[in-house]
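Residue-level structural notes
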Amino acid sequence: MTISGEPWVKLVVVGQSFMLHQIRKMVGMALAVMRGIAAPECLGLALHPDRDMNTPMAPELGLFLDETYYDAFNNKWGDLHGPVTFEPFRAAAEQFKAQVLYPHIASKDARELINALWLRNCTNACYKFSKWARWAPVRDMAAITAKAKQEAAAKRGARATTNGSQQQQQQQQVKRPADSAGAAAAGNDVAAE
C-alpha cells in the first residue's frame, strides 16, 4: 500500500489471546530473517520452550487493533439477539484509517525515523543471532512438565486420603452418639429389670 507517496507493507495477523509483545516480536524475527541478519533456524530457536532468546521487537508504530470477531457469541446467541458484526461500521472505519490513521503513522515515522532507526539497530551485533545455536537451553520444559504432573498427582492423592480420613472420622462421630444412646437405653432396660 502507499501512504503519502511512500510504500508500506500492511501485515494482518488474526488470532486469539495474544501475549504481551507477541506480534511485535514475530514481526521483528521475520524481518531479521528476511533481511539476512538471522538465519532461518533462529525462528525455531526463538520459539523453543527451553530457550530464552533476545528476539528483536518491531516498533509499536503502526500496530493497532483493526477488527474484533464475536464468533462464539454469534454461534451461541446470534439467532436470538442477532449477530454482532463489524459490517455496519466497516466503511466508516476504512475511511478513518485512510484519512487519519495511516497518514498519522507515515508522518510520525517520517519525522522521528522510528522504523529506520529500529532497522539500523536490528543487527547481529545487538542480538547475536550467529551464536544462538551454540547457547545451551536454560530449562528443560519436558522435565518441568513431568515434575508438575507428579506434584499435581501427589496433591490429588493427598487430598483424596485427607478427604477419606475426614469422611471416616465423620462417620465414626455419627456412630458414637448412636452407640451411646443405645448403651444408655440398654442400661435403662437393665436397671428396669
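Keep in mind that this is a model prediction, so the values were computed, not measured. Position labels on residues start from 1 in each chain and follow its written sequence. Side-chain atom pairs in this predicted model are given and counted only at pLDDT of 80 or more, local residue features only at pLDDT of at least 70, and totals for whole chains, interfaces and linings cover all residues. Heavy atoms from the whole structure form the basis of all side-chain values; hydrogens and water molecules are not counted.

Topic: the overall build of the chain
Secondary structure elements are taken from DSSP: a helix is a run of H or I of four residues or more, a strand is a run of E of two residues or more, and numbering for both begins at the N terminus. Across its full length, the chain carries seven helices and two strands. Across the chain, helices and strands are ordered from the amino to the carboxyl terminus as β-β-α-α-α-α-α-α-α. When accessible area is computed with a 1.4 Å probe and restricted to protein chains, residues below 20% of their type maximum are described as buried, those above 50% as exposed, and intermediate ones as partly exposed. For the chain, the proportion of its 193 residues judged to be buried stands at 17%. Only heavy atoms matter for contacts: two residues are in contact if any of them lie within 4.5 Å across the pair. Within the chain, contacts between residues separated by at least 24 positions form 72% of all contacts whose residues are at least 6 apart in sequence. Note on areas: these come from Shrake-Rupley sampling with a 1.4 Å probe, and a residue is covered only by the protein chains present in the view. Summed over all atoms, the accessible surface of the chain reaches about 14500 Å², with 58% contributed by carbon and sulfur.

A closer look at the packing of helix α4 (residues 90-112) against helix α5 (residues 114-121)
Two elements in contact, α4 and α5, have axes separated by 6 Å at closest approach and are oriented at 55 degrees. In terms of axis orientation, α4 runs oblique to α5. Residues Lys108, Asp109 and Glu112 of α4 form the contact with α5, whose own contacting residues are Ile114, Asn115 and Leu117. Nonpolar residues are Ala, Val, Leu, Ile, Met, Phe, Trp, Tyr, Cys and Pro. Charged residues are Asp, Glu, Lys and Arg, and all others, Gly as well, are polar. The residue inventory of the contact of α4 with α5, partitioned by class, reads two nonpolar, one polar and three charged. Structural elements are reduced to axes, namely lines fitted to C-alpha atoms, with helices fitted over the stretch in contact, and the angle between N-to-C directions of any two is expressed from 0 to 180 degrees. Angle categories: roughly parallel below 35 degrees, roughly antiparallel above 145, roughly perpendicular from 65 to 115, and oblique for all the rest.

Quick notes on the side chain of Asp50
One can find Asp50 in the loop between α2 (41-47) and α3 (71-81). Ignoring sequence-local partners within four residues, the contact set of Asp50 consists of Pro137, Val138, Arg139, Asp140 and Met141.

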